[in-house]
Every structure is written in structure tokens, then in C-alpha cells.
Amino acid sequence: MIKGTDLFVKALKEEGVDTLFGYPGGQAIDLFDSLYDQDDIEVILPRHEQALIHAADGYARSTGKVGVCLVTSGPGATNLVTGIATANYDSVPLVCFTGQVPLSLMGNDAFQEVDIVGITRSICKYAVTVRKREDLGRIIKEAFYIARTGRPGPVVVDLPKDIQQAMGSEEYPKEVTIRSYKPNESVHLGQIKKAVGILKKAKKPLFLVGGGVNISGANAGMTKLVEQSGVPIITTIMGKGAVPSTHPLYMGNIGIHGSYAANHAVSECDVLFSIGTRFNDRITGKISEFAPHAKIIHIDIDSASISKNIVVDIPIVADAKLAIEALLDTVPKLSIAPWVDQVTQWKEQYPINMDRYEGLTPEKVICYINEHFDKPIVTTDVGQNQLWTTQYLDIESNRQLLTSGGLGTMGYGFPAAIGAKLGNPDRDVIAISGDGGMQMNIQELATAVALELPLTLIVFNNGYLGNVRQWQEMFFNKRYSSTCLTYRKSCQRDCMNKDKCCPKYTPDFVKLAESYDAYGIRVMTEEDIPKAFAYAKEHKNAPTLIEFIIEREANVSPMVPGGKPLSDMIMDC
């Protein structure tokens, strides 16, 4: 007989957990006490629970393992909510354990009591409160199984304090049997045959690939399928890297800030073969005019995602890797040279660049990363920094890009980099943020310093919440409402006068980094880019923050205005 907390630790070890991201509190203190006497699981203490779960998310995405969180009840649990939703949108396997008041107090508005299962049920894959000590081992086993199988996602396990303390069996299940949960592990070969039949007749076929291909580890197979068939490929932001971004048949990202070639290829294709994407509004533009001439084939592991936003002609519910392997057995080389020539011409005629801006630009910084880092893991925050990164970063088989796609969570990039570095200590990890997003979890400088992590933290500082400011410039007559981060109470409301003297930016990122015992350097010119990265590489025991001062009103181009079809692009914003 052992305590519930000891079974909890045993379960983590049985599941192969080597890293746990935790923040203690009254209703989780027993669990942390049981973790104290073991050396197999490293407990990471971030400085905020939201950062904690983003770190677990970055660890999971970069390693392919399940990320594990442990927090206390009440605010500890609710601080996980944004990260749970982030992971749910992007299909990241997490198991989030939350402490809870004793069963006898639940429902009585006890101190730090919240119904975290009720709060998170709609934003996670599964949520459950353990109400019997004899169910503890089974529920933990099921949590890890549900998180990692099928379409991966976050699972919440709520642990009342009396269940933690109760004595019971030390047995931990070896197998999982859940009658109501049977993830699909096969491919319907009849549907594959139909899809290939349509593909063979196409004159203008196109592969559209989403994050499902990266999640399933089907990158090599997808590259082979593209080369075997000769069909051009475009990706969503989350799908970038499914084939090397330097591949001649790769035409770029699709969507609101997609490439001309990618967006026009969708508008002109006669067969759209989609694998592992949900067709969300960021990639479709005006739905009624999305791929108007195409028969659409859709492969996705989640049946609920098929025909949810875009009605498709051939649905195939399957894991992307298994489906691609089946396609490799049947897809021939297609005679589509005129179509490939046309799409390639679009790609060459309308490249994405920032040539209209002089001096230091995000493109030049990211191109430096492309040229001087062999196998980096790059994380981003959300906003213009994310969009520039997804446009200019080359993703090969030995590189990874981690970003919040579905939820668009500011504050994600830095803590995700911490998790990625912990999971991949021998790889360079670079976090790219804007000046707004960096401040949302900047307290994690303390975590990175405490863990002696040599991260490279890039801050593109334009003094604005740049993505929203761009929309305000283009569609709201430059009424920069609540987007200027240099604003002070004494400022005039009108921010359209470029000749005025703006207040000094707060904070001073370099001094702030140094106050945490990290390193900091500010870059004002293109010529200083190499020096800054060399400075970062010198430091092996703490992060280095590089603040790049960029053009205040630099925009992300091209752009599709909201509600417009993908073919209606503004090329120079």
C-alpha cells in the first residue's frame, strides 16, 4: 500500500517522464513532497504558470514526448488555461495535473477552489477529476494515452488533496482499454484509390499541407511524394517544413500573409490535395471563393475537421504518415509541366522580401540565422515577428519552428524556447519576439538564468503592437488606438506626426536582461548583426537578449484583407 502521491510519481516514471514543469501550492504540496526524494525526474520551476505550460508545450513539440505540468488549485490551475487552449489548437500532447481541495470541500467555495474540469472541458482533449483512490493509476495511464494518440492534445487531471494522501494499491496499469475512445490507426485504401484516380486526371494539381504532417513525422515521406508525383506544394504556417522550404516545388505559405504563388495556385488549381490542416479562416480567405475550380481531397486524423469549414469531395480519415505511405505505393509521375512552370513563374516573379525598407530589417536578421545556424530550433511569439519568421526562415529536415498557430498566443515564444532547450540541450534554440510579446512572460529570464540556459532571445522592437498597428494603418486611417508602446500620459493622442519626439521606450531591454544576470545587446544597424550573434554565442551559461531596433512602421507583405478571396492580395503594404 502506498500514498496516492507516491503512485503519482511511480506513474510518471512508468510513462518515461524525465522533465516536469511545476509550480507548488497548498493543494499540490503533497505531490511536490513525493517528488523531492527521487532523481529520475527533473522538476522545472518557472516564474509563472502560463509560462510553465508554454515551456511544457515547447518541450513536447521539440521532442515528440508528452509535456507534463503540475500546479496547485485555484489560480494555479486557471493560469494554465491559455496554454491548454494553445496546445489544443495546435495538437500538442500535454498532461496537466492540478491540485484540488478535498472532495468534502468541493462545491463549497473553499479557498482556492475552482472547477478546472468545467473551465477547460471545451479547450482540451479530455478533463477529469479523480474521485476514488482506486481509480488514480488507471486515470493517469489513460491521460497519457489520450494525450499522445489520435490527434494529440492536452489532458487535464484534477487531483483532490484527500486522493493524494489516501493509501491504496501500488499497481500501475500496463495497458489501456477505453470503450469510447478508439483512435483510427488504419487507412481506407478504397478512398486512397479514389483520391489517386482524381489526381491522375488533374492538369493543375496542388498539395496543401498543414501541421499534421509535421506532427506525424511524415516529412521525409511527404518530400518523396512531392518528388515522385511532381506536384507543387504549399503549406500553412504550421505545415512549413513538411518539405524543405528551399525545395523547387515548394511555393510558400498560403493565407492572409501567404505568398503570391501559393495563394494564386489555390485559386487556379483543379485538384487540391490537402493533408493535415483544418482549413481555418487564416488560410481560406473568403470561403465561397476558396479553390473555386478544384476537387478537394482532405486527409486528416480528426474526422471532425473534415468538411467542417470547406466541403470536400474525397474525405480520408487517417494519420498523415500512414496515408502518405499508402499514396507512395500508388501515385505516379504526372505530366503537368505547363502548370509547374506557371506556378514557378509566379514564385520567381513575386518573391517575398523587405527590399523597400533600408537598413536593418527582420528579413536580414532571419536570413543571417538561415546562413549561420546548422540545426536550430526557432520559436516565435505572435504578431509581425511571427509572420516575418514564417516568411523568411528556411526549414530543412534538421530545423524546427515552434509557434502558436491556432490560438495566436502572445507570450508563447520565450517560455517555449526554455522547454525546447531543456529537451534538446545540444541544439541552438532561438526565440523571436516582438517588444510587446516579449514583455508578457519576460519574468522567465529568471528561470533561464537559474537553469543556465544559453538561449538567444531576439526582440524586434518597433515600439508598437505591430500587427494590430498595421491593420490600423491600412484600414482605420492610422488611428493607432492602444498600440503604441512608447505612449505616456503626457503624449498627444494624435500619433500621425512623424516629426514629433516620442518618449523613451520602456523598458530598456538590455538593462532589464542584465538585471536578471542575463546578457543584453542592442543593434541599430545591419552591419552589427554578426557582432550581436557572436556576442550571444560567447555565453554558455545564460541567455542573451538581442534587441533589434527596426523601422517603426514596417509592415508584413503581402496581405489579403479580411473577407477577401486569396487572389485579392495587396502586394506592397
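Conventions and cut-offs
- Residues numbered from 1 in each chain as written.
- Predicted model: local features only at pLDDT ≥ 70, side-chain atom pairs only at ≥ 80, totals over all residues.
- Heavy atoms only, no water.
- Salt bridge = Lys/Arg side-chain N within 4 Å of Asp/Glu carboxyl O.
- Helix = DSSP H or I, 4+ residues; strand = E, 2+ residues; numbered from the N terminus.
- Buried < 20%, exposed > 50% of the residue type's maximum accessible area, 1.4 Å probe, protein only.
- Contact = heavy atoms within 4.5 Å.
- Axes fitted to C-alpha atoms, helices over the stretch in contact; angles between N-to-C directions.
- Parallel < 35°, antiparallel > 145°, perpendicular 65-115°, else oblique.
- Left-handed = near helix turned anticlockwise from the far one by under 90°.
- Nonpolar A, V, L, I, M, F, W, Y, C, P; charged D, E, K, R; others polar.
- Patch = residues over 30% accessible without salt bridge, like charges linked within 9 Å, V, L, I, M, F, W, Y side chains within 5 Å.
- Areas by Shrake-Rupley, 256 points an atom, 1.4 Å probe, with all protein chains shown as cover.
- Lys, Arg positive; Asp, Glu negative; His and termini not counted.
- Charge placed at Lys NZ, Arg CZ, Asp CG, Glu CD.
- Phe/Tyr/Trp six-rings, centres within 6.5 Å; stacked < 30°, edge-to-face > 60°.

1. Some remarks on the pattern of salt bridges
Evaluation of the coordinates by the stated rule reveals 19 salt bridges. Between Glu 142 and Arg 138 there is a salt bridge; the shortest N-O distance is 3.2 Å. Residue Glu 142 and its partner Arg 138 are both found in helix α7 (residues 136–148); the two are separated by four residues, about one turn of the helix. Judged by its relative accessible area of 39%, Arg 138 falls in the partly exposed class. Among the salt bridges present, the one from Lys 364 reaches Glu 526, with a minimum N-O distance of 3.1 Å. Of the two residues, Lys 364 is situated in helix α16 (residues 362–372) and Glu 526 in the loop between β19 (519–523) and α23 (529–538); the sequence distance between them amounts to 162 residues. Given the relative accessible area of 28%, Lys 364 is considered partly exposed. Within the structure, one salt-bridge network assembled from shared partners comprises Glu 15, Lys 141 and Arg 148.

2. Focus: the environment of Pro 46
Relative to the elements of secondary structure, Pro 46 occurs in the loop between β3 (42–44) and α3 (49–63). A relative accessible area of 2% places Pro 46 in the buried class. Remark: the alpha-carbon pair of Pro 46 and Ser 288, spanning 242 residues in sequence, is separated by 46 Å. Each residue touching Pro 46, except ones within four places of it in the same chain, is listed here: Gly 22, Tyr 23, Leu 52, Glu 444 and Thr 447.

3. Some remarks on the packing of helix α11 (residues 219–229) against helix α14 (residues 320–328)
In a pair of packed helices, the angle between the axes and the distance between the axes together describe the arrangement. The N-to-C vectors of α11 and α14 enclose an angle of 30°; their axes lie 9 Å apart at closest approach. Comparing their axes, α14 and α11 come out roughly parallel. Crossing angle aside, the handedness with which α11 passes α14 is left-handed. Across from Gly 221, Met 222, Lys 224, Leu 225 and Gln 228 in α11, the residues of α14 making contact are Ile 324, Leu 327 and Leu 328. Residue composition of the contact of α11 with α14, by class: five nonpolar, two polar and one charged.

4. Digging into a negative patch on the surface
Taken together, the side chains of Asp 6, Asp 33, Asp 37 and Asp 39 make up a negatively charged region of the molecular surface. Following the sequence through the fold, Asp 33 ends up in helix α2 (residues 29–36).

5. As for the environment of Phe 509
With respect to the helices and strands, the residue Phe 509 is situated in helix α22 (residues 509–515). With 71 residues separating them in the primary sequence, Phe 509 and Met 438 have C-alpha atoms 9.6 Å apart. Among residues more than four places away in sequence, those in contact with Phe 509 are Asp 435, Met 438, Gln 439, Ile 442, Val 459, Asn 461, Arg 522, Leu 545 and Glu 547.

6. What about the packing of aromatic side chains?
Here the structure, examined in full by the defined rule, presents 17 aromatic pairs. Taking 6.3 Å as the distance between ring centres and 90° as the angle between the ring planes, the aromatic pair formed by Trp 339 and Trp 346 counts as edge-to-face. Each member of the pair, Trp 339 as well as Trp 346, carries the same accessibility label: buried. Measuring from ring centre to ring centre gives 5.4 Å for Tyr 464 and Tyr 480, while their planes differ by 70°; the resulting arrangement is edge-to-face. Of this pair, Tyr 464 sits in the loop between β18 (456–461) and α21 (466–475) while Tyr 480 sits in the loop between α21 and α22, and the two are 16 residues apart along the sequence. As far as the burial class goes, Tyr 464 and Tyr 480 line up, both buried.

Structural measurements only, silent on function.
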